[in-house]
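Observations on the three-dimensional arrangement
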Amino acid sequence: MKGASPIFTKRFDSYIWIRPEGRGTFLESSIIKDLVESTAADGMRNFIIDLEACPGMDSTFMGMLAGLGIGFRKNKKGEISIVGTTEKTRSSLKELGLQYLMAIEPTDEAWLEKMDEARRNLDLFDHKGEVDTEAHVLECHEDLCIADEGNLRRFKTVLDMMGSDMAPKALADEEGSD
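Described in the following lines is the structure provided in the data block. (Residues numbered from 1 in each chain as written. Predicted model: local features only at pLDDT ≥ 70, side-chain atom pairs only at ≥ 80, totals over all residues. Heavy atoms only, no water.)

**Comments concerning the overall build of the protein**
Counting its regular elements, the protein contains eight helices and six strands. Along the protein, from the amino end to the carboxyl end, the secondary structure elements read β-β-α-β-α-β-α-β-α-β-α-α-α-α. Relative to its length of 178 residues, the protein is compact, with a C-alpha radius of gyration of 16 Å against a globular reference of 16 Å. Each principal axis of the C-alpha distribution contributes one length, and for the protein these read about 50 × 35 × 30 Å. Residue burial in the protein is summarised as follows: out of 178 residues, 45% are buried. Looking at the protein alone, contacts between residues at least 24 apart form 69% of all its contacts between residues at least 6 apart. Within the structure as shown, the protein displays about 9,300 Å² of accessible surface, and the carbon and sulfur contribution to it stands at 48%. A gap of 3 Å separates the mean positions of the 22 positive and 34 negative side-chain charges of the protein. (Helix = DSSP H or I, 4+ residues; strand = E, 2+ residues; numbered from the N terminus. Rg over C-alpha atoms; globule rule 2.2 N^0.38 Å. Buried < 20%, exposed > 50% of the residue type's maximum accessible area, 1.4 Å probe, protein only. Contact = heavy atoms within 4.5 Å. Areas by Shrake-Rupley, 256 points an atom, 1.4 Å probe, with all protein chains shown as cover. Lys, Arg positive; Asp, Glu negative; His and termini not counted. Charge placed at Lys NZ, Arg CZ, Asp CG, Glu CD.)

Structure below.
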């Protein structure tokens, strides 16, 4: 996708390693979502999202992670592990409730021993697809609110501006807390 930062990936044993390089934004999130969904459809079940070279993420990027986590939890056909976080990115993920949907900095996975090797042997992912940006951004923000209802207040303006069905609930929650 034009303007997106590079994303590197590779299949190792039973997992796919995905490494965005640069800030994680709505542009990269749609590419990673397509990559995970297409490889999951082909039978892959374990995904490692490596944020070591990703200094920050916008809410759409984190919403994409939430949506993938929700989907895997619902159909019990996959899991996501997040590695390489900074204190700030880890805090942001946990503040939005993503630790309930995926492993953030797991310590007991067998693939952890191969992390350095995986990082050295990644290939640039060449994504050619296009995405309906507005629909993608809305879906990601709704997924954040599904992940944790406390996020309704946080993202009510975005939900309202984009015409989400969740916007009235966010507004009702806001009025009920006054």
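**Description of the pattern of salt bridges**
Taken as a whole and assessed by the stated rule, the structure comprises ten salt bridges. In this structure, arginine 19 engages glutamate 21 in a salt bridge whose closest nitrogen and oxygen atoms are separated by 3.0 Å. Residue arginine 19 is classed as buried on the basis of its relative accessible area of 10%. Judged by relative accessible area, which is 31%, glutamate 21 ranks as partly exposed. We note a salt bridge from arginine 119 to aspartate 50, for which the minimum N-O separation is 2.6 Å. Of this pair, arginine 119 sits in helix α4 (residues 115-120) while aspartate 50 sits in strand β3 (residues 46-50), and the two are 69 residues apart along the sequence. Given the relative accessible area of 0%, aspartate 50 is considered buried. It is possible to trace a salt-bridge network through shared partners that takes in Arg19, Glu21, Asp50, Glu52 and Arg119. (Salt bridge = Lys/Arg side-chain N within 4 Å of Asp/Glu carboxyl O.)

**Describing the side chain of threonine 25**
The topology assignment puts threonine 25 in the loop between β2 (15-20) and α1 (26-41). Ignoring sequence-local partners within four residues, the contact set of threonine 25 consists of Asp58 and Phe61.

**Quick word on the packing of α1 against helix α2 (residues 59-75)**
The angle between the axes and the distance between the axes are what describe a pair of packed helices. The contact between α1 and α2 brings their axes to 8 Å, and the two run at 20 degrees. Relative to α2, α1 is oriented roughly parallel. Every pair of crossing elements has a handedness; the one defined by α1 and α2 is right-handed. Contacts between α1 and α2 involve Phe26, Glu28, Ser29, Ile32, Lys33, Val36, Glu37 and Ala40 from the first element and Thr60, Phe61, Met64, Leu68 and Phe72 from the second. Broken down by class, the residue content of the contact of α1 with α2 amounts to eight nonpolar, two polar and three charged. (Axes fitted to C-alpha atoms, helices over the stretch in contact; angles between N-to-C directions. Parallel < 35°, antiparallel > 145°, perpendicular 65-115°, else oblique. Left-handed = near helix turned anticlockwise from the far one by under 90°. Nonpolar A, V, L, I, M, F, W, Y, C, P; charged D, E, K, R; others polar.)

**Section: the environment of glycine 84**
Mapped onto the secondary structure, glycine 84 falls in the loop between β4 (79-83) and α3 (87-95). For the pair glycine 84 and leucine 112, spaced 28 residues apart in the sequence, the C-alpha separation amounts to 11 Å. Apart from residues lying up to four places away in sequence, glycine 84 is in contact with Asp50, Leu51, Glu52, Glu105 and Arg119.

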